[in-house]
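Listed below are the residues making up each chain.
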Amino acid sequence: MSVPHIGIDLDNTIIDYEHVFAPTAERLGLLPARSGLTSKACVKRHLCAHGGEAAWMRVQGQTYGRFIGLATPYPGVGTFLRTVRARGVHVSIVSHKTRHGHYDPDRIDLWGAALDWLDRHGFFTVEGGGLDPAQVYFETTREAKLARIAALGCQIFIDDLAEVLLSPAFPAAVERLWFTGGRAASDGGGLPALRSWADVLDTVLARL
C-alpha cells in the first residue's frame with residue numbers, strides 16, 4: 001500500500017511538553033515551587049480543582065508560547081521523519097492552535113513560537129526530517145483542522161488526542177494513528193495505543 005501523504009499533529013505529538021507544565025505553573029505563581037507535580041494530567045487536575053479552568057488555560061498558553069523553549073522533541077520523531085521522507089512520503093503538520101494564548105497579556109504569537117521551535121530543533125533541515133515550513137498549518141478550531149486534513153488528502157494522520165481521531169467529522173478515508181507518548185491511555189475508543197515513535201514508525205512502514 002502506497003502512503004504518499006502523512007499528516008501529523010504538533011503539540012504533545014511532536015513537541016513533548018510533559019515536563020514543562022509544572023515549571024510554567026510555578027513561574028506563574030499558580031503552583032508552589034517544587035510542587036512535586038510532574039505530568040500534564042496532574043497539573044491540569046490540580047489547577048482545575050483549585051484555580052478553575054481559566055488557570056489551566058493560562059498555563060497552556062504560556063507553555064506553548066513564552067516557555068516553549070523548555071519543551072523537547074519526542075524521542076524517535078526525527079528518525080521517523082527521516083525514514084519516511086527518504087521513502088518519498090510527503091509530510092504535513094496540522095495543528096489546532098489559536099494565534100494567541102488565553103489570558104496572555106503579552107499576546108505572544110503561538111504560531112510563530114511553534115515555527116521557531118521547529119526551526120531551532122532542525123526539523124526544516126534534511127538531517128532533522130526535511131519538513132517544509134509551508135506545509136505546517138495552524139487552524140483555530142478543531143473543525144478547521146479536520147477540514148484541512150481532508151483537503152490535504154492525507155492517507156494517515158497521527159494525533160495524541162483520541163477525541164480528534166474519533167470525531168464524527170474526521171475524514172473517513174484517512175487512517176487514524178493514536179500516539180500516546182507513553183502516557184496512560186485508557187480511553188482510545190478502540191484505537192490501538194502507539195506508545196512511542198518507534199511504534200508509529202513500525203506501523204507506518206508496514207503500510208508502505
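Calculation notes
Residues numbered from 1 in each chain as written. Predicted model: local features only at pLDDT ≥ 70, side-chain atom pairs only at ≥ 80, totals over all residues. Heavy atoms only, no water. Phe/Tyr/Trp six-rings, centres within 6.5 Å; stacked < 30°, edge-to-face > 60°. Lys NZ or Arg CZ within 6 Å of the ring centre and 35° of its normal. Buried < 20%, exposed > 50% of the residue type's maximum accessible area, 1.4 Å probe, protein only. Helix = DSSP H or I, 4+ residues; strand = E, 2+ residues; numbered from the N terminus. Pairing = 2+ DSSP bridges. 1 Å grid on protein atoms, 1.4 Å probe; cavity = no way out; pocket = protein on both sides within 12 Å on 5 of 7 lines; lining within 4 Å. Points joined across faces, edges and corners; volume = space filled by probe spheres on them. Nonpolar A, V, L, I, M, F, W, Y, C, P; charged D, E, K, R; others polar.

J.: A description of the packing of aromatic side chains should follow, citing residues and the corresponding values.
T.: One pass over the full model with this rule turns up 10 aromatic pairs. Ring pairing ties together the aromatic residues Tyr-17, Phe-21, Trp-56 and Tyr-64, which thus form one cluster. Against the face of Tyr-64 rests Lys-97, its NZ or CZ located 4.8 Å from the ring centre.

J.: For the pairing of strand S4 (residues 90-96), give the residues involved together with the corresponding values.
T.: Where a strand is regular, its side chains alternate between the two sheet faces. With respect to burial, S4 is a largely interior element, five of its seven residues being buried. Pairing between strand S1 (residues 5-8) and S4: four bridges, direction parallel. By the bridge assignment for S4, Gly-7 is matched with Ser-92. Sheet analysis places S4 next to strand S5 (residues 136-139), joined by four bridges and oriented parallel. Within S5, the residue paired with Ile-93 across the bridge is Val-136.

J.: Lay out the layout of surface pockets with the relevant residues and their values.
T.: Space inside the largest pocket adds up to approximately 1200 Å³. Lining the largest pocket are 40 residues, and of these Lys-40, Gln-60, Asp-160, Leu-161 and Glu-163 sit closest to its centre. Listed by contribution, the elements that provide at least two residues to the lining of the largest pocket are helix H2 (40-50), helix H3 (53-64), S4, helix H6 (142-152), helix H7 (162-165) and strand S7 (175-179). Tallying contributions element by element places H3 first for the lining of the largest pocket, with six residues. The residue makeup of the lining of the largest pocket, split by class, is 13 nonpolar, 12 polar and 15 charged.

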